[in-house]
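Read off the chains here:
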Amino acid sequence: MINSSLKQLGTLLAEKKISSVELTQQFLDRIDQHNPEINAYIALDKEITLAQAKAADQRIAQGSATALTGIPIAQKDIFVAKGWQTTCGSKMLENFIGPYDAHVIKQFDTAGAVNLGKTNMDEFAMGSSNETSYFGKVQNPWDRSRVPGGSSGGSAAAVAARLCAAATGTDTGGSIRQPASLCGLSGLKPTYGLVSRYGMIAFASSLDQAGPMAKSCEDMALMMNVMTGFDERDSTSLQREKEDYTRDLNKPLAGLRVGLPKEYFAEGLGADVAKVIEEAIAEYRKLGAEIVDISLPNTQLSIPVYYVLAPAEASSNLSRFDGVRYGHRAAQYDDLMDMYCKSRAEGFGAEVKRRILIGTYVLSAGYYDAYYLKAQQIRRLIAQDFEEAFKHCDIILGPTAPSTAFKAGEKADDPVSMYLQDIYTIAVNLAGLPGMSIPAGFTQTVDGKSLPVGLQIIGNYFDEARMLNAGHAYQQVTDWHSRMPEGIA
Amino acid sequence: MEWEVVIGLETHTQLQTKSKIFSGSSIAFGAAPNTQASAVDIALPGVLPVLNKEAVQCAIKFGLAVDAEISPRSVFARKNYFYPDLPKGYQISQYELPVVGKGSLTIHVGASAGNENGYEKTINITRAHLEEDAGKSVHGASEGMSGIDLNRAGTPLLEIVTEPDMRSAAEAVAYAKKLHELVQWIGICDGNMQEGSFRCDVNVSVRKKGAEKLGTRREIKNLNSFRFMQQAIEYETRWQIETLEDGGTIQQATVLFNPDTGETKAMRSKEEANDYRYFPDPDLLPLQITASDIEAIKAVMPELPADMKARFEGEYSLSAYDAAALTASRGIADYFIATTAAFGGDAKIAANWVMGAVAAKLNEEGKDISASPVSPTALASLLKRIADNTISNKIAREVFEAMWAGEGDADHIIDKKGLKQVTDSGAIESIIDEVLAANAAMVEEFKAGKEKAFNALVGQAMKASKGKANPAQVNELLKKKLAS
Amino acid sequence: MSLTTADVKRMAHLARIEVSDDDAEATLKKLSGILKLIEQMQSVDTTGIQPMSHSQDLVQRLREDVVTETNQRESFQAIAPAVEDGLYLVPKVIE
């Protein structure tokens, strides 16, 4: 049951082989059992959850069920949900109860999905290891001494440990794809603007995008059908016709032009990871894909550009957390200025403060042109790299992350080495393109642990259906995606 | 040493929309605190702005009214600073690319010493941009605390910035008044200064006459009456000149005007480094205004005061002075146009009445023309009775007073009070005969060549008729009698 | 461009984050590393390149001017640190 696809669960529910309440309870029991160690969830409310499951059962009985009705989903704690504690992984919002529903939450609610709980994350989505969460680090289910990646580390661990049927994540520089890679699951960051950002606590507004994290591409296609769609409350939400993302899942791949950017296979990529990726590419060749060598010459610059633009936007986005209307307010202060400075110093963790300071610096008088403007100009060069590449190929393949999951604490004190985790994912956000990670195999550690490796698939704007097709075809001929970590059964 | 004051204005006009610039909250004034503050207005985590169409249309109207460039593409930026009435920690405003570019407004500066007739001057407008208003801090809540009301936060503002083109408090006030009238004329702002709908920041600096370089300026914030503006500029100018003459220097500062003391004083809180870290708001896309958007607004724009003034001079042969007076406000102009239309006679007569009797009564009672108890149609029916000789101009004043007092329409009052003009020549003749008989001395004087005596006799005849005799007929018959 | 402790303190003040002298020193080290990373950008000639703020070349959609919000003060102020008579309370604002 816990390893069933969403489609299989849907069938079981429809055929009344199991009720949503029973299914939900099973996951809640698993959460009780494993979460105290894994720490994937930071907010649970069994009462609300089971009430939703009960309502779903009624809906199924009435015959008005959708594909996701009754299916228990975990929500990243970046989405504001009415009545739920919504912390964004921060002490700043430790006592914040959502007064409204984010668009994504509402969409799942409308579809009849069950909200299992809110998942752990790097504070304000700033991190690649989930170690910046105020609510403690998350264990990688494949090796408990390692990180699950970040910032959607809680969602990734929850899916990997089968503590939910699927989960949501958000991705600003790789926050869905990198943890999906490190935890052995499928994660998709859609084209910017496909999923409304309303109610998703902003990190870097021009880059943030929500997407599904699940066991397979087929599951993600079903989630995409729920998550995407125009929302008038988000000015950057795109007005497009609704798509059925499952429509092309079973198309043959013969003739698909697959681009391999030489920069993604250069220095910096771990040899063991490279080997797994090369085997995956061989598999694509077998499926009939045509392999094309391409170049994304500005790849190296994506990190500096990102570490100007994202902190700049974040420094401004996080100004609203001032202790006036909600959130943490210091207990002792002398005056207004002191209240601001103490509340924010206490409420934010070290990495968040660093990024606010960097963002403040690059926007400050005299530096704007040299940093912010320059970064926006190079951002265009990076987007143009992809534009050129997609003249020669349909999708791009490469590694999601340069290495497999690293040990907790290993990079915690070295922000720059942590930032390099996102070398292959960031450019996709800067260009606003869709990017996906799917499990492509494992590497072995010296102590005999298997660590998953993610294959990244990058598509052109609005090409999610084709990417899911490419991923699904691979998942029909491999079983990496259905393997489970030891000790969670 | 001769000094010259240099003044530029930044005016915040609250736009007359129904909802806020980035949210669906009402902007109605006077609601209980924070009851018109939505999730977007209080900046809850995760909320996003969506731009109000009407606010953009107001900006286009203003651009057209000051003959300005309207940017085909403008950008919203974030102005970052912390203040409790600024919920997001940044204000959404336009910085590098404002919606309205360079334009101008011609003002008339009233008579003063050395300028007996006053003069006209064109003030250059640098730009006008859309932005959101902040909330309000309410003092005197709990001891040592301030209360924050965010009902006003997100109210749409058009900030209108001039070049430093003004050279006296009088010019600054004339500009502010003209602008105040214009924004109401085109219907984008209610102009209510007490409620803060129209607020002026004035930049003042002084320099030696003839110097090219501008002096260091100080900005007087939030002036909400023209009288205070005049006082504040005059005080600030004197203060700056005295400071410089005493060997001091002027520090750039934001100052507040205290109406009680009549003095300006530097603010404490905003003095520190104002590094606003502007950058384009990633939550909003560039605002596009097409030629057809502009055409659509042009089609519904009211005739502008300057155009109307020219039309009055041409179409109605009014003097420049009269035309200017009648287009001083949209209310007056509308009243005049309605009166003229209903009257159908000589527009000059309507003009005289609107600027004369009507204006005097309004002034006397401190009323706006919209509150005039005599409607344009009522006034027109009175003017018709003058034109058809039912009553004289003088009697008409009496009828008008009664109309103002609510005694009914013109015909009713004329009838009730028996004010109808006497045009029966027999009746007039007998009055004249009586007057001639009673004033033999005057008749003699007239016959001796004193023309003035004739007017005196006319006056006597009119008096004897209680003003009701037709003056032209009195004149004619009297001449005849005296000649015989 | 090398960062100084004074820069760190200036940024912290602008961002309203209290930092002690020790914190400022430690932060300086980390921020300097990040800035070094960022400096890589300076090697690129970007003359004439249009800055990119959004990933798609779209224009702002406009909302009809309609009041759609209702009073939610009670629910919003239930999570506020300090309120009185419907007002959010803060230490006295000095002008």
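Residues numbered from 1 in each chain as written. Chains lettered and ligands numbered in written order. Predicted model: local features only at pLDDT ≥ 70, side-chain atom pairs only at ≥ 80, totals over all residues. Heavy atoms only, no water.

**Focus: the packing of helix α11 (residues 350-363) of chain A against helix α2 (residues 21-39) of chain C**
Between two packed helices, both the angle of their axes relative to each other and the distance between the axes serve to describe the pair. Put simply, the rule reads: Note on geometry: axes are lines fitted to C-alpha atoms, helical ones only across the stretch in contact, with angles between N-to-C directions running from 0 to 180 degrees. Secondary structure is summarised from DSSP: a helix means a run of H or I of at least four residues, a strand means a run of E of at least two, and numbering begins at the N terminus for each. An angle counts as roughly parallel when it lies under 35 degrees, as roughly antiparallel when it exceeds 145, as roughly perpendicular when it falls between 65 and 115, and as oblique in every other case. Crossing handedness follows the turn of the near helix against the far one: under a right angle anticlockwise gives a left-handed crossing, and clockwise gives a right-handed one. Residues count as neighbours in contact if any of their non-hydrogen atoms are within 4.5 Å of one another.
Across the interface, α11(A) lies against α2(C) with an axial gap of 11 Å and an inter-helix angle of 55°. Considering their axes alone, α11(A) and α2(C) lie oblique with respect to each other. Judged by the twist between their axes, the crossing of α11(A) over α2(C) is right-handed. Counted together, A:Arg354, A:Leu357, A:Ile358 and A:Tyr361 of α11(A) and C:Thr27, C:Lys30, C:Leu31, C:Ile34, C:Leu35 and C:Ile38 of α2(C) form the full contact between these two elements.

**Structural notes on the interface of chain B and chain C**
The criterion, for reference: What counts as buried area is the accessible surface, traced by a 1.4 Å probe, that two parts surrender upon association, with contributions from both included. Throughout this description, the term salt bridge denotes a Lys or Arg side-chain nitrogen within 4 Å of a carboxyl oxygen of Asp or Glu. Within 3.5 Å is the distance limit for a polar contact, defined as a pair of N or O atoms, with the added protein rule that one can donate a hydrogen and the other accept it, and that residues adjacent in sequence qualify only through two side-chain atoms. Following the grouping adopted for this structure description, the nonpolar residues are Ala, Val, Leu, Ile, Met, Phe, Trp, Tyr, Cys and Pro, the charged ones are Asp, Glu, Lys and Arg, and the polar ones are all others, Gly among them. Here, strands pair whenever DSSP counts at least two bridges between them.
Contacts between the two partners involve 55 residues from chain B, matched on the other side by 36 residues from chain C. Considering only the side of chain B, the residues that lose the most area to chain C are B:Lys53, B:Phe82 and B:Leu285, jointly responsible for 14% of the buried surface there. Scanning the region where chain B abuts chain C turns up 1 salt bridge. Linking C:Glu64 and B:Lys53 is a salt bridge whose minimum nitrogen-to-oxygen distance equals 3.2 Å. Applying the counting criterion to the chain B and chain C interface returns 22 residue pairs in polar contact (both at pLDDT 80 or more). Within the residue set of the side of chain B that touches chain C, elements represented by two or more residues are β2 (51-52), α1 (53-65), β8 (136-139), β9 (145-149) and β16 (287-288) of chain B. Per-element accounting of the side of chain B that touches chain C gives the leading share, 5 residues, to β9(B). Here the side of chain B that touches chain C is composed, by residue class, of 27 nonpolar, 18 polar and 10 charged. Of the strand pairs in this sheet, β2(B) and strand β1 (residues 62-63) of chain C are connected by 2 bridges, and their pairing is parallel.

**A look at the packing of aromatic side chains**
Worth spelling out the cut-off: Whether two aromatic rings pair depends on their centres lying within 6.5 Å, for rings of Phe, Tyr and Trp, where Trp uses its six-membered ring; planes under 30 degrees apart make the pair stacked, over 60 edge-to-face, and the rest tilted. A simple rule labels every residue: compare its accessible area, found with a 1.4 Å probe on the protein chains alone, to the largest value its type can have, and call it buried under 20%, exposed over 50%, or partly exposed in between.
Tallying each qualifying case throughout the model produces 30 aromatic pairs over all chains. Taking 5.8 Å as the distance between ring centres and 70° as the angle between the ring planes, the aromatic pair formed by A:Phe124 and A:Phe348 counts as edge-to-face. Of this pair, A:Phe124 sits in the loop between β3 (114-119) and α5 (153-160) while A:Phe348 sits in the loop between α10 (336-347) and α11; the two residues are 224 residues apart in sequence, bridging distant segments of the chain. Like A:Phe348, A:Phe124 is buried. When the ring of B:Phe22 is compared with that of B:Phe76, the centres are 5.8 Å apart and the planes differ by 85°; the resulting orientation is edge-to-face.

**Some details on the nonpolar core**
Cut-off, in case you're wondering: Among the buried residues, those of types Ala, Val, Leu, Ile, Met, Phe, Trp, Tyr and Cys that are joined through side-chain atoms within 4.5 Å form a nonpolar core.
Formed by 206 residues in total, the largest nonpolar core has its most connected members in A:Phe124, A:Tyr284, A:Phe386 and B:Leu44. When near neighbours in sequence (up to four residues on either side) are disregarded, B:Leu44 contacts A:Phe96, A:Pro99, A:Tyr100, A:Arg320, A:Tyr326, B:Ala39, C:Phe76 and C:Ile79. Counting residues in each nonpolar core, the second largest holds 107 residues, with B:Ala59, B:Val183, B:Ala350 and B:Ala410 among its members.

**A few points about empty space enclosed by the protein**
Let me state the cut-off plainly: Method remark: on a 1 Å grid restricted to protein atoms, a set of points is classed as a cavity if a 1.4 Å probe fits but cannot get out and as a pocket if it is open with protein on both sides within 12 Å along at least five of seven lines; lining residues have an atom within 4 Å of a point. Grid points are joined across faces, edges and corners, and a volume is the space filled by probe spheres set on the points.
If you walk through the whole model with that rule in mind, you get 7 cavities of 30 Å³ or more. If you add up the space inside the largest cavity, you get close to 170 Å³. Around the largest cavity sit 19 residues that line it, and B:Val40, B:Asp41, B:Lys88, B:Ile92 and B:Glu132 are the ones nearest its centre. Looking at the lining of the largest cavity residue by residue, the classes come out as 11 nonpolar, 1 polar and 7 charged. Reported here for the second largest cavity is a volume of approximately 100 Å³. What lines the second largest cavity is simply A:Arg197, A:Met200, A:Ile201, A:Ala202, A:Asn317, A:Arg320, A:Phe321, B:Pro45, B:Gly46, B:Val47, B:Leu48 and B:Asp283. Considering only residue class, the lining of the second largest cavity consists of 7 nonpolar, 2 polar and 3 charged.

**Thoughts on the sheet that holds strand β15 (residues 279-280) of chain B**
Taken together, the 3 strands give an open sheet; going across it, the order is β5-β4-β15 (chain B), and neighbouring strands pair in antiparallel fashion. Looking at the sheet topology across the chains shown, the edges are occupied by β5 (90-94) and β15 of chain B. Docked against the sheet, helix α9 (residues 302-317) of chain A engages β4 (76-80), β5 and β15 of chain B, running at close to 65° with respect to β4(B).

**Thoughts on the interface of chain C and chain A**
Counting residues at the interface gives 49 residues for chain C, matched by 68 residues for chain A. Taking both partners together, chain C and chain A bury about 5200 Å²; carbon and sulfur atoms supply 69% of that area. Viewed at the interface, chain A and chain C are joined by 2 salt bridges. Between A:Asp413 and C:Lys30 there is a salt bridge, with the nearest N and O atoms lying 2.9 Å from each other. Where chain C meets chain A, there are 19 residue pairs in polar contact (both at pLDDT 80 or more). When residues of the side of chain C that touches chain A are traced back to their parent elements, those giving at least two are α1 (5-14), α2, α3 (73-77) and β3 (87-91) of chain C. The element that contributes the greatest number of residues to the side of chain C that touches chain A is α2(C), accounting for 9 residues. Among the residues forming the side of chain C that touches chain A, the class breakdown is 29 nonpolar, 13 polar and 7 charged.

Don't take any of this as a statement about function, it's just geometry.
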